[in-house]
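The residues making up each chain are set out below.
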Amino acid sequence: MCIRDRFSLKYYKVVKGSSFSLQRVKKATDLTADMIAKGTWKDAQFKPYNYHALGKEIQTGNLHPLLKVRSQFRTVLIEMGFSEMPTNNFVESSFWNFDTLFQPQQHPARDAHDTFFLSDPAQCKVVDQEYWNRVKEMHEKGGHGSIGWKYNWSEEEAKKNILRTHTTATSSKMLYRLAKETQEHGFKPKKWFSIDRVFRNENLDATHLAEFHQVEGLVVDRKLGLAHLKGIIAEFFRKIGIKQLRFKPAYNPYTEPSMEIFGFHPLLNRWVEIGNSGVFRPEMLKPMGLPDDVSVVAWGLSLERPTMIQYGVANIRELIGSKVNIKYVKENPIVCYQSK
């Protein structure tokens with residue numbers, strides 16, 4: 001065959017190559033078990049492997065930012081010698097959620113517009129009537145230097161079942177069990193923590209949901225005070241990279257003294273409230289039967305707020321719920337907090 005133009009003549013010779021075939025054969029891309037079993041791989045033509053091509057994207061599960069922060073907080077607290085409390089029950093009685101914490105039954109937090117009440121079962125059973133009576137007496141008359149709240153305490157009100165508003169209800173149960181153990185085997189100091197979901201009848205907006213996660217830690221030992229509490233809080237936040245802290249006096253029904261915790265966040269370049277803390281009141285501990293020289297220091301913070309700050313999330317509904325971006329969950333950074 002030749003091609004002729006104004007300038008030159010070109011000649012081409014076409015011959016059968018080693019891969020000549022009257023039929024077009026599709027090259028194999030994979031060596032399969034069937035090809036090995038039948039021996040067809042010997043005559044098969046394989047497509048050259050492209051080591052620079054991207055592989056097929058594997059659909060895998062991914063950790064949500066909240067779970068990453070939770071995991072790191074949990075690791076930090078365990079490193080500090082804390083043991084995790086069992087918080088696997090969302091339903092609590094008003095007695096354990098409020099009354100054992102010396103929170104009066106007229107407190108606004110116990111109203112329906114702040115708390116979710118259960119209709120079935122509507123009430124709990126009284127297990128330790130003697131302890132209930134001691135809590136009642138502390139509310140009505142006081143004791144151990146306290147004058148109480150001076151009102152008629154209602155057992156029916158205390159029996160109402162609710163979705164717990166804080167994990168401190170579990171802390172109260174653990175202290176009650178510790179008091180029982182102390183009477184039988186003597187006192188042993190304890191360090192506990194919990195990270196779990198709580199529920200409040202909140203107005204939904206960019207920073208509030210009807211459910212969120214609470215991080216709580218408490219230390220039980222003899223003659224603890226505010227200085228011990230501030231030292232423990234400082235160590236916890238140092239381990240997650242927040243060294244600059246400020247404490248502001250505050251009021252809580254079941255702690256005295258009480259402090260709000262503020263930290264300087266380098267990403268926001270300003271001071272933000274990051275938690276609450278205090279020393280549990282004797283009115284809470286004495287009815288349980290703990291020794292007079294035993295004190296309990298505790299602090300708590302939400303899991304959502306530090307997660308939102310760390311990951312730059314402006315609206316909490318973009319972190320939890322139907323507006324969550326699945327792609328963001330897959331691609332968010334592995335490391336969330338670093339101790340400096």
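Here, the structure is the one placed above.
A brief structural summary. Here the structure is a predicted model, which is why all the values come from computation and not from measurement.

The rules behind each value
Residues numbered from 1 in each chain as written. Predicted model: local features only at pLDDT ≥ 70, side-chain atom pairs only at ≥ 80, totals over all residues. Heavy atoms only, no water. Phe/Tyr/Trp six-rings, centres within 6.5 Å; stacked < 30°, edge-to-face > 60°. Patch = residues over 30% accessible without salt bridge, like charges linked within 9 Å, V, L, I, M, F, W, Y side chains within 5 Å. Areas by Shrake-Rupley, 256 points an atom, 1.4 Å probe, with all protein chains shown as cover. Salt bridge = Lys/Arg side-chain N within 4 Å of Asp/Glu carboxyl O. Helix = DSSP H or I, 4+ residues; strand = E, 2+ residues; numbered from the N terminus. Buried < 20%, exposed > 50% of the residue type's maximum accessible area, 1.4 Å probe, protein only. Core = buried A, V, L, I, M, F, W, Y, C linked by side-chain atoms within 4.5 Å. Contact = heavy atoms within 4.5 Å. Expected span 1.5 Å × (residues − 1). Arc of directions from axis to C-beta. Pairing = 2+ DSSP bridges. Axes fitted to C-alpha atoms, helices over the stretch in contact; angles between N-to-C directions.

Inspection of every chain in the model, using the stated rule, returns 16 aromatic pairs. Taken together, Phe95, Trp96, Tyr131, Trp132, Trp153 and Tyr176 form an aromatic cluster joined through their ring pairs.

Right, let's get into a nonpolar patch on the surface. On the surface, a cluster of nonpolar side chains totalling about 410 Å² of accessible area is made up of Leu31, Ile36, Trp41 and Phe46. Mapped onto the secondary structure, Phe46 falls in the loop between helix H1 (33-38) and helix H2 (65-79).

On to the pattern of salt bridges, then. Going through the model one piece at a time under the given rule, you end up with 16 salt bridges. One salt bridge in this structure joins Glu92 and Lys173, with 3.0 Å as the shortest N-O distance. Of this pair, Glu92 sits in strand S4 (residues 91-93) while Lys173 is found in helix H6 (residues 168-185), placing the two residues 81 residues apart along the sequence. Taking the relative accessible area as the measure of exposure, Glu92 reaches 3% and is therefore buried. For Lys159, the salt bridge goes to Glu155, with nearest N and O atoms at 3.5 Å. Among the ionic contacts, a cluster of salt bridges with common partners joins Glu79, Glu235, Arg238 and Lys239.

Before going further, it helps to spend a moment on the nonpolar core. Counting 36 residues, the largest nonpolar core has Phe73, Phe82, Phe236, Phe237 and Trp299 as the members making the most contacts within it. Elements with a contribution of two residues or more to this core: H2, strand S6 (190-199), strand S7 (211-222), helix H7 (226-239), strand S9 (255-265), strand S10 (270-280), strand S11 (294-302) and helix H9 (304-311). Residues in contact with Phe237, not counting those within four places in the same chain, are Ile242, Leu245, Ile261, Ile274 and Leu301. Residues Leu101, Leu175, Leu178 and Val220 belong to the second largest nonpolar core, which totals 29 residues.

What follows deals with H7. Over its 14 residues, H7 extends 20 Å from the first C-alpha to the last, a length consistent with the 20 Å expected when each residue adds 1.5 Å. Taken residue by residue, H7 has Leu229, Ile232, Ile233, Phe236 and Phe237 as its buried positions. Down the axis of H7, the buried side of the element spans an arc of 125°, and every buried residue falls inside it. Against H2, S7, strand S8 (245-252), S9, S10 and S11 lie the buried residues of H7.

Our focus in this paragraph is the environment of Asn89. Structurally, the position occupied by Asn89 is in the loop between strand S3 (83-84) and S4. A sequence separation of 74 residues divides Asn89 from Leu163, and the C-alpha atoms of the two residues are 9.1 Å apart. Contacts of Asn89, omitting those with residues within four sequence positions, involve Arg164 and Lys173.

Residue classification places Phe46 among the partly exposed residues on the basis of a relative accessible area of 36%. When the C-alpha positions of Phe46 and Asp30 are compared, they lie 7.6 Å apart, and in sequence the two are 16 residues distant. If near-sequence neighbours (up to four positions away) are discounted, Phe46 is found in contact with Lys27, Ala28, Asp30, Leu31, Met35 and Trp41.

Geometrically, the link from Asp120 to Pro121 is a cis peptide bond, its omega value of -5° lying close to zero. Along the polypeptide, Pro121 turns up in the loop between helix H3 (94-97) and helix H4 (129-140). The linkage connecting Glu256 with the following residue, Pro257, adopts the cis geometry, with an omega of 0°. Structurally, Pro257 can be placed in strand S9. The phi torsion at Lys150 lies on the positive side, around 60°, for a residue other than glycine. Tracing the backbone shows Lys150 in the loop between H4 and helix H5 (155-158). A relative accessible area of 56% means that Lys150 is categorised as exposed. Even without a glycine there, the phi angle at Lys223 is positive, about 55°. Relative to the helices and strands, Lys223 resides in the loop between S7 and H7.

Two strands pair when backbone bridges link them, and S8 and S9 are joined in this way by seven bridges, in the antiparallel orientation. The residue of S9 that forms the bridge with Lys248 is Glu260. Between the antiparallel neighbours S8 and S9 lie two residues. Both S9 and S10 contribute to a ladder of nine bridges, which runs antiparallel. Its bridge partner being in S10, Met259 is matched across the sheet by Ser277.

Here we take up the sheet that holds S9. Spatially, the seven strands line up as an open sheet ordered S3-S6-S7-S11-S10-S9-S8, and their pairing is mixed. This sheet does not close on itself; its edge strands, each paired only once, are S3 and S8. Where S6 lies against S7, 10 bridges are found, and the strand directions are antiparallel. When the sheet's bridge partners are listed, Trp192 is paired in S7 with Leu218. Contacting S7, S8, S9, S10 and S11, H7 runs over the sheet at an angle of about 35° to S11. Those strands touched by H9 are S7, S9, S10 and S11, and its axis lies near 45° from that of S11.

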